[in-house]
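Below, each chain spelled out in residue letters.
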Amino acid sequence: MTLHALTIHEAAARLQSGEITATELTQSVLDRIFTLDNAIKAYLALTPELALEQAARADRARSDARRAGAEAALSPLLGIPLAIKDVITVEGVPCTAGSRILEGYIPPYDSTVSARLARAGAVLLGKTNTDEFAMGSSTENSAYFTTRNPWDLSRVPGGSSGGSAAAVAADMCLAALGSDTGGSVRQPASLCGVVGLKPTYGRVSRYGLIAYASSLDQIGPFAKDVTDAALLLSAIAGHDPLDSTSVDVPAPHYAAALAQTGAGSRPLAGLRVGVPREYFVAGIEPDVEQAVRAAIAKLVDLGAEAREISLPHTELALPVYYLIAPAEASANLARFDGIRYGLSVDAASLWDTYRQTRGQGFGAEVKRRVMLGAYALSAGYYDAYYLKAQQVRTLIKADFDAALRDVDVIACPTSPVTAFKIGERAADPLSMYLADIFTLSLNLAGICGLSVPCGFDRQGLPVGLQLIAGAFEEERLLSAAYAYEQATDWHTRKPDLELTLED
Amino acid sequence: MPLSLAEVEHVAELARLSLSEEEKTLFREQLSAILDYAAVIQQVDTSTIPPTATVLPLRNVMRDDVARPSMPPEDVLANAPDARDGFFAVRQILQSQSKP
């Protein structure tokens, strides 16, 4: 097996046994990127020198620890090459958020998550493509280029963290970080056939995440399997005094918890799985419904008990999200004014500098959302739009609270459709918004969710099963997904990229 | 209810966005469609429902009032389009009546 195809836990075992070095592993992944990324375009920026330097440092740290007999204390991420979505800062590495307005911006500080990964000894390969300021579901809103889905290069990888999802699916990193405001980790994970996790709001520090919608944003891992997602989550989760919304709840050792998932033929015995009837409605592709229903049947085979539940306010989640998220975005993006960093258009007055910098620096979707948000917050409309949306949000959260009193996890599709063609939805913002219809309600409720591969449609495109659990119940999600993954082989399927490149 | 062109221009000013005539026409159409779609929430009776202020169990997070080192000014200003004497430089916003 080529090294770039390894998972984190497989690579960590070989690094530990001395079979491979972090430098060999990193070089293998860099070679893979140099071969494939011209076609896939997952990365906005690569950091190969930094990566090889960090890999060499990891190799030294490992041999030092070995000599001192302290290898057991090493992080499983030591020497593991990872990618980070370009909305998360790494000190000294350019960060664009997929926008022209931040072209050339070099962050003077590390995000907490990148500092934690660096402390664990992980290797940074580069920054991955994203819809501008994470606003989109396809990466088509990136100001730089559209990332292609490794399963079919004429299709989108999903978004907004499409670069991270495509990089993991194409073995151009072992795992990656993304951010999820309305589905931006789970939806691209589903469309690219990888595991994606949105932690509970407050589970992972957002310090150094370029803010889109602050009451919804959360950083989460992309991985080739559930164990890797657990390893990465353990590395980034936990309280951070630099983010006052990060909650001081101890972060368990998620991967170790997986080992305790029941063995035998019924590892999910006792697990109550809710199947929300409102998530199997018109608009869902028949192949997606079939794959997800089969996955739920598999959970039952594994011992779980499935029952139909109702989340009665489901259809209101999309309109509520598209009032609250733009309102918060309009406030967050006010900081891009051409004065402190980024693009600056010199104009006759300060006011015109603001207007023209933002007019030229922001793309169409960002302008749409900033205007929508400014409208929803403006005098005369605040009560009817923003306040009303926050009231309906309370009802959506109450739906989940009630449902999760009777069931342990909720199972449903991650996305109603598999990967769509580039350009297919780009002209109509509303049709693009529908891509997140099954994911954004979780952000509104602040709870956690995960997408795990559960099959393919008749065109060979991946389908994702979304599992949902209550606040700070990531262990429950991960163990259910782990048991499912152990019983299926979807996660081992890879896109045939050699064939694609020859075309 | 479609937005008027004047409303689009007003919102663009609130958002400090210069827009071309084509953008104004396009956004008027698209924002009107999105607001129409969002109008469905008006039908929900929320008279007794409090708005969500936060999904977190946290209230009033404070840190200890202890002085800590700050980022060096040169790092803070490193990305500035224009900086002078340790400050961000901007266009003059007040016209002086007479030179001092």
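Each value, and the rule that gives it
- Residues numbered from 1 in each chain as written.
- Chains lettered and ligands numbered in written order.
- Predicted model: local features only at pLDDT ≥ 70, side-chain atom pairs only at ≥ 80, totals over all residues.
- Heavy atoms only, no water.
- Contact = heavy atoms within 4.5 Å.
- Buried area = accessible area lost by both parts, 1.4 Å probe.
- Salt bridge = Lys/Arg side-chain N within 4 Å of Asp/Glu carboxyl O.
- Phe/Tyr/Trp six-rings, centres within 6.5 Å; stacked < 30°, edge-to-face > 60°.
- Helix = DSSP H or I, 4+ residues; strand = E, 2+ residues; numbered from the N terminus.
- Lys NZ or Arg CZ within 6 Å of the ring centre and 35° of its normal.
- Buried < 20%, exposed > 50% of the residue type's maximum accessible area, 1.4 Å probe, protein only.
- Pairing = 2+ DSSP bridges.
- Right-handed = clockwise from strand over helix to strand, strands pointing away.
- Axes fitted to C-alpha atoms, helices over the stretch in contact; angles between N-to-C directions.
- Parallel < 35°, antiparallel > 145°, perpendicular 65-115°, else oblique.
- Left-handed = near helix turned anticlockwise from the far one by under 90°.
- Nonpolar A, V, L, I, M, F, W, Y, C, P; charged D, E, K, R; others polar.

Quick notes on the interface of chain B and chain A
Okay, step 1: The partner chain A presents 66 residues to the 44 residues of chain B that form the contact.
Okay, step 2: Between chain B and chain A, roughly 4900 Å² of surface is buried when both sides are summed, and carbon and sulfur atoms account for 71% of that area.
Okay, step 3: Across the chain B-chain A interface, the total number found is 3 salt bridges.
Okay, step 4: The salt bridge involving B:R91 is made with A:D346; its shortest N-O contact spans 2.9 Å.

Looking at the packing of aromatic side chains
All names here are of chain A.
Okay, step 1: Here the structure, examined in full by the defined rule, presents 14 aromatic pairs over all chains.
Okay, step 2: Ring geometry for Y279 and F438: centres 5.1 Å apart, planes at 25°, overall stacked. With a gap of 159 residues between them, Y279 in the loop between β7 (272-276) and α9 (286-301) and F438 in the loop between α14 (429-433) and α15 (440-445) connect regions that are remote in the sequence.
Okay, step 3: Put simply, the rings of Y105, F133, F336, Y341 and F362 pair up and form one aromatic cluster.
Okay, step 4: Positioned above the aromatic ring of F280 is the side chain of R293, whose terminal nitrogen or guanidinium carbon lies 4.1 Å from the ring centre.
Okay, step 5: The ring centre of F420 lies 4.7 Å from the NZ or CZ of R425, which sits over that ring.

Looking at the pairing of strand β2 (residues 81-85) of chain A
Residue and element names in this part refer to chain A.
Okay, step 1: Burial of β2 is extensive: 5 of the 5 residues sit out of reach of the surface.
Okay, step 2: Burial along β2 is two-sided: the residues P81, A83 and K85 and L82 and I84 are all buried.
Okay, step 3: Where β2 and strand β3 (residues 123-128) come together, 5 bridges link them in parallel fashion. The partner of A83 across the bridge, within β3, is G126.
Okay, step 4: As a crossover connection, the stretch from β2 through helix α4 (residues 112-120) into β3 is right-handed.
Okay, step 5: The pairing of β2 with strand β4 (residues 175-180) spans 3 bridges and is classified as parallel. Looking across to β4, one finds that I84 is bridged to L177.

Overview of the pattern of salt bridges
Side chains carrying opposite charge are able to pair once their charged atoms draw close together.
Residue and element names in this part refer to chain A.
Okay, step 1: Considering all chains together, one arrives at 31 salt bridges over all chains under this definition.
Okay, step 2: Between R272 and D408 there is a salt bridge whose closest N-O contact spans 3.0 Å. With R272 in strand β7 and D408 in the loop between α13 (383-406) and β9 (409-413), this residue pair connects regions lying 136 residues apart in the sequence.
Okay, step 3: Classification of R272 as partly exposed rests on a relative accessible area of 26%.
Okay, step 4: Residue E289 pairs with R293 through a salt bridge whose shortest N-O separation is 3.1 Å. Placement of both E289 and R293 in helix α9 is noted, with a separation of 4 residues, approximately one turn of the helix.
Okay, step 5: Judged by its relative accessible area of 24%, E289 falls in the partly exposed class.
Okay, step 6: Taken together, the salt bridges that share partners define one network made up of R272, D408, E473 and R476.

Considering the packing of helix α10 (residues 317-332) of chain A against helix α2 (residues 21-38) of chain B
Okay, step 1: Contact geometry of α10(A) with α2(B) gives a least axis separation of 9 Å together with a crossing angle of 130°. The angle between the axes of α10(A) and α2(B) places the two elements in the oblique class. Between α10(A) and α2(B) lies a crossing whose hand is left-handed. Where α10(A) abuts α2(B), its residues A:L318, A:P319 and A:L323 lie against B:L35, B:Y37 and B:A38.
Okay, step 2: Grouping the constituent residues of the contact of α10(A) with α2(B) by class yields 6 nonpolar, no polar and no charged.

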